[in-house]
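# Overview (structure and organization)
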Amino acid sequence: MPEHVNASAGEDQRFRGIWHEPAAAKRGDGAMDQASGLSLVEGTGPDTAVGEVLIMSADISAAAVGEFRRIAHANLRAGVPCRALFPDSARLSGAARALALAGARVRTDTEVPMEALVLDRRSVVLPAERPGASLVSFRLPGMVTATAGLFERAWRTAVPLGPSDLPESGEDEMLTARERDLLVLLCSGSTDESAAVQLGISVRTVGRMVADIMNRLGARSRFQAGAKAVDRGWLLAEAG
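Below is a short write-up of the structure. (Residues numbered from 1 in each chain as written. Predicted model: local features only at pLDDT ≥ 70, side-chain atom pairs only at ≥ 80, totals over all residues. Heavy atoms only, no water.)

Next up on the list: helix α1 (residues 63-77). An ideal rise of 1.5 Å per residue puts 21 Å on 15 residues; α1 measures up with 22 Å between its terminal C-alpha atoms. All of the buried residues along α1 are A64, V65, E67, F68, R69, R70, I71, A72, H73, N75 and L76. Of the residues trailing α1, G79 is marked for its positive phi of about 90°. (Helix = DSSP H or I, 4+ residues; strand = E, 2+ residues; numbered from the N terminus. Expected span 1.5 Å × (residues − 1). Buried < 20%, exposed > 50% of the residue type's maximum accessible area, 1.4 Å probe, protein only.)

Tallied over the entire structure, the rule returns 6 salt bridges. Residue R83 is joined to E152 by a salt bridge in which the shortest nitrogen-to-oxygen separation is 2.6 Å. With R83 in strand β6 (residues 82-87) and E152 in helix α3 (residues 141-157), this residue pair connects regions lying 69 residues apart in the sequence. We classify R83 as buried; its relative accessible area is 9%. Given a relative accessible area of 18%, E152 falls into the buried group. When the shortest N-O distance is used, the salt bridge between E152 and R121 registers 2.5 Å. Linking E152 in helix α3 with R121 in the loop between β8 (116-119) and β9 (123-127), this pair joins segments that are 31 residues apart in sequence. Residue R121 is classed as partly exposed on the basis of its relative accessible area of 42%. Through salt bridges with shared partners, a single ionic network connects E52, R83, R121 and E152. (Salt bridge = Lys/Arg side-chain N within 4 Å of Asp/Glu carboxyl O.)

As far as function goes, none of this settles anything; it's purely spatial.
Spelled out as structure tokens, the structure:
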């Protein structure tokens, strides 16, 4: 990446910029100079889609993949379709199952080629290689096409995560959607009263749900329950 570009201290640390191809510049002789390559535009990268989100991950425990999952869940809640491709070793992981339960189509294969997220086939999000940033977003048509093509080739031979791979209704391995929403609210600083209003339930019900979640996780505090839920893949790190 170009070393001459410096990000501001207050900038969102998830995205440190968007790569793009600059317009060709005129040389002194009037010809167009295409040798300027790529430049980094500072600013927060996009994390919303309207058509589809694609995720590839060779290491589902990688920090960047946690961000990929956060983006996927946010888009799924907005009704945007998502497909995710993980290695077979992650087939029964909490993270893969949580995505599937949220509505994503999940498949696994013996090998997954790279860590990448594709938004609407217009941008590719990759793990950052420079300090201080976790993700970078590229809006290069060639890179988007190549990454999406790689995903599609792997997707065709991957094995779908089916109903038999997911917990039965009522099984207490995972959080229900309402329990997850409650834990997100509480971990974000909401009081029991505020969470009850937002979820349309009573404060007493909030207390019962929290006690049940803590018991299932073996947690001694709400903070510890949130941390353990993240570790198990029940809850994304954004809630912590």
